[in-house]
Amino acid sequence: MSALTLYQIVALILLCAGLFGLTQRRSLVGMLICVELMLNGAGLSIVAAAQLTDFSATLGQLGTLFVMGLAAAEATLVLAIVVVVARRFGSAQTSDITTLKE
Amino acid sequence: MNFDITLVVPELYFLCLVLVLMIQSLGDREWKPVVEKWLPFGAGLGFFVAIVNYGHEGLMLWDVYRVDMMSQFFKIAIAFGFFVTVINAARQPTLAEGKRSDYYMMLGFSALGLMMLSSAVELITIYLALELASYSLYAVIPLRAKNKGAAEAGVKYILFGAVATALALYGLSYIMASQHTTYIAELMHKSWTFADQPMAVVGLCLFLGGMFFKLALFPFHFWCPDVYQGASNETAAFVATLPKMGAIVILARLAVFLKPGLEITTLLAVLGALSMTYGNLAALAQTDIKRLLGFSSVAHAGYIMVGLVSGTSEGLAAAAFYALAYLVMNLLVFWVVCRVAVDGRNLKLNDLNGLYKKAPVLAFSLAAGAFALVGLPPTMGFMGKFFLITSAWDHGYNWLVITLVLNSAIAIYYYLSLFRHAFTEDKTPDLTPAPDNSWFASAGAGLLAGAVLLAGMVPAPLFNLAVEAGRSLMP
């Protein structure tokens, strides 16, 4: 098994863990953590693809840095919205946040 | 790095606009002139700048940024959409007083991101531009004072959006690993069959998933009705129209790889068919107008796919033209919805009853918008569908064209129910505030309705622009 495959398997495990957690977690902050897990798995996969194949390593590292930076920005934005949700609903549990239906 | 400042004048103009808004949002709330007084003029000038800059061509910034007919076409569309949504939002009743300049700053950032997206020709650049456009939208959705639904819509949108982004990034990493490049110009010459490059095909599917999310294509549509319903009417007018432009331009650029018969092309066609069928069937059952429009945009995302699978420059031209038609039609319908709901509430279909007596111009414009969304002549929606069908026929996806036609028949029911409600008597006593019948409301609705009708009767000038745009993408 090549090194690239190993890295990709690890990244896929992170993806599956994130998706599983996203469906199972009951709190919005927990869901945010799962999303971060997926994004960082994607970063790992990108940097592995860049280092271990003919793809330009610089470009891959640059891309991963962008992914990390934007994931951090996204986390602050999600937390800010969670604060808004918590103020308006008085709760940050997914089961309480269901007003948009018919 | 061959930077030519004349090529990016529209982007620079929007950047300046956003910076001014940022300064105003940081400053004293008492600053004059208030943002609604000057921004419509600023946005109108932006539209003008985008038109003047049409026709420029060139590659910039180490070949990741390409200014061509396609990008300029969509920049004009985006600048126009921004102009209309800014005027539309100027009387927004549900926006807190202290947050007005921030609100417009976010909208401006999003429009800037979408403009950059329409010129990006490298996958990492596309990702960055897409995130610039999305993040500012995520922040705008909950800005509906004290409304629970808006907060719920905001958190759903951002979490699903982050998942779609993560999947797109996994796709990006697989494309990197197997094709060794992220430049669209080089990817164009690679093999995209599943037998040769299974990993690249999976990667491209995942990457396209990120765009499908923006476009609200089935099965990435679930955020769409919720966000439209939860966000304020004016915000929904922006979310429903402009981000789709960005997604369509990227799909058109990537569709250059997709020759008919490839696995990905078939997948796109199947998703398109499912999307229009599901969107239309789900819309039949809706009573909330914005939810109905949400499902209608899921269906329209499916229609756009018809143009992308044919693998010809005519198909791309038809998709670009339909994108423009979609933009104008939805701006028109949302304009009417925002004017009828003067207190910023969510409208039910029954709230439209008797509109023709209370505000005849709005009722007529809504009828024009509904006819255009169905695709009846002589409107822009009809010409858009006509071009889509003629471009896709005989390119291997005739079943998709037939699905489109059948779906248009289903769609008649719920679009015309908009029309039916607006032109029936109002039997219940009036408890809700009357629709805005001022010259401002009527003029905006009349002009947009005029544009929809005029572009349907004389489509050639606009369609020629779209054809130029389609040709500029094909090798």
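Residues numbered from 1 in each chain as written. Chains lettered and ligands numbered in written order. Predicted model: local features only at pLDDT ≥ 70, side-chain atom pairs only at ≥ 80, totals over all residues. Heavy atoms only, no water.

### What to know about the overall build of chain A
Scanning chain A from terminus to terminus reveals three helices and zero strands. In sequence order, chain A lays out its α and β elements as α-α-α. Computed over its C-alpha atoms, the radius of gyration of chain A comes to 17 Å, more than 25% above the 13 Å expected for a compact globule of 102 residues. Counting only C-alpha atoms, chain A reaches 50 × 25 × 25 Å along its principal axes. (Helix = DSSP H or I, 4+ residues; strand = E, 2+ residues; numbered from the N terminus. Rg over C-alpha atoms; globule rule 2.2 N^0.38 Å.)

### As for the side chain of B:T312
Tracing the backbone shows B:T312 in the loop between helix 12 (289–308) and helix 13 (313–340). The class of B:T312 is buried, set by a relative accessible area of 14%. (Buried < 20%, exposed > 50% of the residue type's maximum accessible area, 1.4 Å probe, protein only.)

### Regarding the confidence of the model for chain B
Residues and elements named next belong to chain B. When the pLDDT values of chain B are averaged, the result is 86; 98% of them are 70 or greater. Put simply, helix 14 (residues 355–358) is where chain B has its lowest mean pLDDT, 81, and helix 5 (residues 123–140) is where it has its highest, 91. Overall fold confidence (pTM) sits at 0.92, and the ipTM for the predicted complex is 0.93. (pLDDT = per-residue confidence, 0-100.)

### Here we look at the interface of chain A and chain B
Opposite the 44 residues of chain A that make contact, chain B presents 45 residues. A per-residue breakdown of the area chain A buries against chain B is headed by A:F55, A:R88 and A:L100, which together make up 21% of the total. Inspection of the region where chain A meets chain B yields zero salt bridges. At the junction of chain A with chain B, the criterion picks out 10 residue pairs in polar contact (both at pLDDT 80 or more). Contributions of two or more residues to the side of chain A that touches chain B are made by helix 1 (3–24), helix 2 (28–52) and helix 3 (57–89) of chain A. Looking at the side of chain A that touches chain B element by element, the count peaks at 16 residues for helix 3 of chain A. A per-class count over the side of chain A that touches chain B returns 32 nonpolar, seven polar and five charged. (Contact = heavy atoms within 4.5 Å. Buried area = accessible area lost by both parts, 1.4 Å probe. Salt bridge = Lys/Arg side-chain N within 4 Å of Asp/Glu carboxyl O. Polar contact = N/O pair within 3.5 Å; in protein donor to acceptor, adjacent residues only side chain to side chain. Nonpolar A, V, L, I, M, F, W, Y, C, P; charged D, E, K, R; others polar.)

### Looking at the nonpolar core
Inside soluble globular proteins, nonpolar side chains tend to come together where they are buried. Residues and elements named next belong to chain B. F82 and L308 are the most contacted members of the largest nonpolar core, which totals 213 residues. A total of 22 residues in this core trace back to one element, the largest contributor, which is helix 13. The residues contacting L308, other than those within four sequence positions of it, are L251, A252, A255, L268, L316 and A319. By size, the runner-up hydrophobic cluster in this structure holds six residues, among which are L7, V8, V64 and Y65. (Core = buried A, V, L, I, M, F, W, Y, C linked by side-chain atoms within 4.5 Å.)

### Examining the packing of aromatic side chains
Residue and element names in this part refer to chain B. As enumerated under the stated definition, the model contains 29 aromatic pairs over all chains in all. For the pair W335 and F440, a centre-to-centre distance of 5.6 Å together with 50° between the ring planes defines the contact as tilted. On the criterion of sequence distance, the pair formed by W335 in helix 13 and F440 in helix 18 (residues 439–457) is long-range, its members being 105 residues apart. By the burial criterion, W335 is buried, and F440 matches it. In textbook terms, an aromatic cluster arises when at least three aromatic residues are bridged by ring pairs, as seen for Y135, Y138, Y157, F213 and W223. (Phe/Tyr/Trp six-rings, centres within 6.5 Å; stacked < 30°, edge-to-face > 60°.)

### A closer look at helix 15 (residues 360–374) of chain B
Given 3.6 residues to a turn, an α-helix orients residues that are three or four positions apart in the same direction. Residues and elements named next belong to chain B. Between its terminal C-alpha atoms helix 15 stretches 21 Å, which fits the 21 Å expected from 15 residues at 1.5 Å a residue. Counted residue by residue, helix 15 has 11 buried out of 15 residues, so it is predominantly covered. For helix 15, the complete set of buried residues consists of L362, A363, S365, L366, A367, A368, G369, A370, A372, L373 and V374. Of the surrounding secondary structure, the elements contacted by the buried residues of helix 15 are helix 12, helix 13, helix 14, helix 16 (380–392), helix 17 (398–422) and helix 18. Phi for G375, located one or two positions after helix 15, is positive at around 100°. (Expected span 1.5 Å × (residues − 1).)

### Considering the packing of helix 1 (residues 9–26) of chain B against helix 4 (residues 100–119) of chain B
Residues and elements named next belong to chain B. One can describe the packing of helix 1 onto helix 4 by two numbers: an axis separation of 9 Å at closest approach and a directional angle of 160°. The orientation of helix 1 with respect to helix 4, classified from their angle, is roughly antiparallel. Note that helix 1 runs across helix 4; the crossing there is left-handed. For the pair formed by helix 1 and helix 4, the contact residues are P10, E11, F14, L15, V18, L21, M22, Q24 and S25 on the first element and S101, D102, Y104, M105, G108, F109, A111, L112, M115, M116 and S119 on the second. In the contact of helix 1 with helix 4, the residues fall into 13 nonpolar, five polar and two charged. (Axes fitted to C-alpha atoms, helices over the stretch in contact; angles between N-to-C directions. Parallel < 35°, antiparallel > 145°, perpendicular 65-115°, else oblique. Left-handed = near helix turned anticlockwise from the far one by under 90°.)

### Some details on empty space enclosed by the protein
All names here are of chain B. Using the criterion set out here, one finds three cavities of 30 Å³ or more in the structure. Roughly 120 Å³ of volume is contained in the largest cavity. Surrounding the largest cavity, 16 residues form its lining, L130, E131, T165, A168 and G210 being those nearest its centre. With six residues, helix 5 is the largest single contributor of residues to the lining of the largest cavity. Of the residues in the lining of the largest cavity, the class split is 10 nonpolar, four polar and two charged. (1 Å grid on protein atoms, 1.4 Å probe; cavity = no way out; pocket = protein on both sides within 12 Å on 5 of 7 lines; lining within 4 Å. Points joined across faces, edges and corners; volume = space filled by probe spheres on them.)

### Some words on unusual backbone geometry
Residue and element names in this part refer to chain B. Residues F218 and P219 are joined by a peptide bond in cis, for which omega reads 0°. Following the sequence through the fold, P219 ends up in the loop between helix 8 (198–215) and helix 9 (223–230). The linkage connecting P377 with the following residue, P378, adopts the cis geometry, with an omega of 0°. Mapping P378 onto the fold places it in the loop between helix 15 and helix 16. Of note in the backbone geometry, H180 takes a positive phi value of approximately 60° without being a glycine. Along the polypeptide, H180 turns up in the loop between helix 6 (148–179) and helix 7 (184–187). What makes H180 partly exposed here is its relative accessible area of 33%.

### As for the pattern of salt bridges
Residue and element names in this part refer to chain B. For the structure shown, the criterion picks out nine salt bridges over all chains. The closest approach of N and O atoms between D343 and R345, which form a salt bridge, is 2.9 Å. A relative accessible area of 18% means that R345 is categorised as buried. Three or more residues are tied together by salt bridges with common partners; here these are E152, K156, D226 and R291.

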